[in-house]
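Structural features, examined
Spelled out, the chains give:
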Amino acid sequence: MTDTQDLIVVGAGSGGFAAAMRAAQMGGKVTIIEQALYGGNCMHKACIPTKVLMTAARSMAAIRKAGRYGIQAGEQPQVDMEALHERKEAILEGLRMGTEQLLADRGIRLVEGRAKLVAPDTVKVDGERLSARCVVLATGSIPAQHPIEGIELPGVIGTEEAIELREIPRRLTILGSRHWDLELAQCFHLLGSEVTLIESGKRLLPEADREISQRLGKVLYDSGITIKRGVEVEAIRQSDDSALAVILAEGKDEIAADKVLASRRLPNSTGLGLRELGLKLEHGAVVVDERMRTNVTGIYAIGDVARSVTRNSESMWSHQANAEGIVAAENVMGRPTKMDYGPVPRCLYTQPEVAWVGLTEEQSEAQGLEVSVGKVPMAINPFAMILDQTAGLVKV
């Protein structure tokens, strides 16, 4: 069957959804293809599930401090993990159904299956051929293992396994300090785990403003999370009692753990027929210009699977994918639009929450700009005092 349209979007995550909706809003005839669940990894395996867990963890923390407000609730609340996961699954199911309905309401055709490009304007899905003027690749990223000895041992998990845990590990070691690592570190600590965070670099969350990342690190440390910076993991080994030992390089330390969270993600570009069509790839990512165009006419790429020549980092954020999806769709529909990463926000659902937009102080200085900094600490904000959440600040 051949059905020629304006746009085929491969992948229905944050970026794919935005691309399909924007093209349809501009009058385009659109099909979106999804192999797994509409809403993508962010909705089902990352952003939304971690926020559900973190909300429960925050509630636990609030109960422990209830006595400061004259409420006698006890300091050892218990969490029913099965009930929590039931709540999570109900939320995810509602969001998935809502996503599908929004797409359908815009007249977008939804196709389930594994897509493969067989020509620049043709996608094959389970034997069916779909044709369009343009294709947007929005296939996201996939879990990958760190190149560390012992990474395949039982008990070494990724973020997708972490958010499905039915028991809170007594000792949890986390390798890295990406945004998902920091959220899960605080989440499991508040739920009762002894957490150790290992970062090979000199600071946590290096893409954030230096002062902000330092303040967040202090909050995590003061709460009881052990933080080790500037160290490499040499190996992970298993003892006779099935516990794990994280061995740091140069004999710097050995950390006992019941679970090790080692999360790494790579662009999801294999099996799509991209090399056969001559698309330019770098480390598995599809190279795109400021209009999200690849080197093959009519094919665009957005989100985690793409690497823009105008983006300074390889960071993976759903907000970024969303913005790139809109840019790609507008170019498909004849409105020349360039991607501007400056206004794209970044945010973490830690406590306190962390968010920023635009250049950091260091980035501004590196560009030779004259920098004037203004700060307001949350410690002087009355409502922050009432909430007993005074650790943050606003920096402009």
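Residues numbered from 1 in each chain as written. Predicted model: local features only at pLDDT ≥ 70, side-chain atom pairs only at ≥ 80, totals over all residues. Heavy atoms only, no water.

**Section: helix 4 (residues 81-105)**
Helical geometry note: an α-helix holds 3.6 residues per turn, so side chains three or four residues apart project in the same direction. Over its 25 residues, helix 4 extends 36 Å from the first C-alpha to the last, a length consistent with the 36 Å expected when each residue adds 1.5 Å. For helix 4, every residue scored as buried is listed here: Met81, Leu84, His85, Lys88, Leu92, Arg96, Thr99 and Leu103. In this structure, the buried side of helix 4 is in contact with helix 1 (14-25), strand 2 (30-34), helix 2 (40-45), helix 3 (47-64) and strand 3 (109-112). Of the residues that open helix 4, the one with a side-chain oxygen 3.2 Å from the backbone nitrogen of glutamate 82 is aspartate 80. Count one or two residues on from helix 4 and you reach glycine 107, which has phi positive near 80°. (Helix = DSSP H or I, 4+ residues; strand = E, 2+ residues; numbered from the N terminus. Expected span 1.5 Å × (residues − 1). Buried < 20%, exposed > 50% of the residue type's maximum accessible area, 1.4 Å probe, protein only. Contact = heavy atoms within 4.5 Å. Polar contact = N/O pair within 3.5 Å; in protein donor to acceptor, adjacent residues only side chain to side chain.)

**A short note on the pairing of strand 13 (residues 244-248)**
Counting buried positions along strand 13 gives 5 out of 5 residues, so the element sits mostly inside the fold. Alternating positions in strand 13 separate into two faces, Leu244, Val246 and Leu248 on one and Ala245 and Ile247 on the other, with burial throughout. Relative to strand 13, strand 12 (residues 233-238) is paired through 5 bridges, and the arrangement is antiparallel. Within strand 13, the residue paired with alanine 235 across the bridge is isoleucine 247. Strand direction decides the pairing type here: strand 13 and strand 14 (residues 254-257), joined by 4 bridges, are antiparallel. Bridge assignment links leucine 244 to a residue of strand 14, and that residue is alanine 257. Between strand 13 and strand 14, which follow one another and run antiparallel, lie 5 residues, and glutamate 250 among them has a positive phi close to 60°. (Pairing = 2+ DSSP bridges.)

**Description of the pattern of salt bridges**
Counted by the stated rule, this structure contains 29 salt bridges. As a salt-bridge pair, lysine 51 and glutamate 183 come within 3.2 Å of each other at their nearest N and O atoms. Pair noted here: lysine 51 is in helix 3 and glutamate 183 is in helix 6 (residues 179-191), with a separation of 132 residues, a long-range link. A salt bridge links arginine 210 to glutamate 362; its shortest N-O distance comes to 3.6 Å. (Salt bridge = Lys/Arg side-chain N within 4 Å of Asp/Glu carboxyl O.)

**Regarding the packing of aromatic side chains**
Scanning the entire structure with this criterion turns up 1 aromatic pair. Between the aromatic rings of tryptophan 317 and tryptophan 356, the centroid separation amounts to 5.9 Å while the plane-to-plane angle is 85°, which identifies the pairing as edge-to-face. Here tryptophan 356 lies in strand 22 (residues 354-356) and tryptophan 317 lies in the loop between strand 20 (306-308) and helix 8 (318-332), a separation of 39 residues in the sequence. Its guanidinium or amino end placed over the ring of tyrosine 349, arginine 58 lies 3.9 Å from that ring's centre, counting from NZ or CZ. (Phe/Tyr/Trp six-rings, centres within 6.5 Å; stacked < 30°, edge-to-face > 60°. Lys NZ or Arg CZ within 6 Å of the ring centre and 35° of its normal.)

**Details of helix 8**
Taking 1.5 Å of rise per residue, 15 residues should cover 21 Å, and helix 8 covers 21 Å from first to last C-alpha, within 8% of that figure. Along helix 8, the residues classified as buried are Gln320, Ala321, Glu324, Gly325, Val327, Ala328, Ala329, Glu330, Asn331 and Val332. Tucked into the core, helix 8 has its buried residues touching strand 1 (4-10), helix 1, strand 6 (128-137), strand 19 (299-301) and strand 21 (346-348). One or two steps after helix 8, the chain reaches glycine 334, where phi turns positive at roughly 90°.

**Overview of the pairing of strand 2**
Side chains on a regular strand alternate between the two faces of the sheet. With 5 of 5 residues buried, strand 2 lies mostly within the body of the structure. Of the two faces of strand 2, both are covered, the one formed by Val30, Ile32 and Glu34 as well as the one formed by Thr31 and Ile33. The pairing of strand 1 with strand 2 spans 4 bridges and is classified as parallel. Counted as the bridge partner of valine 9 is isoleucine 32 from strand 2. For the crossover from strand 1 across helix 1 to strand 2, the handedness is right-handed. Where strand 2 and strand 3 come together, 4 bridges link them in parallel fashion. Directly across from glutamate 34, in strand 3, lies its bridge partner glutamate 112. (Right-handed = clockwise from strand over helix to strand, strands pointing away.)

**Here we look at the sheet that holds strand 10 (residues 194-199)**
The sheet built from 5 strands is open, its strands ordered 8-15-9-10-11 with parallel pairing. Strands at the two margins of the open sheet, each flanked by one partner only, are strand 8 (156-157) and strand 11 (226-229). Relative to strand 10, strand 9 (residues 171-175) runs parallel, the two sharing 5 bridges. Counted as the bridge partner of leucine 175 is isoleucine 198 from strand 10.

Keep in mind these values describe shape, not function.
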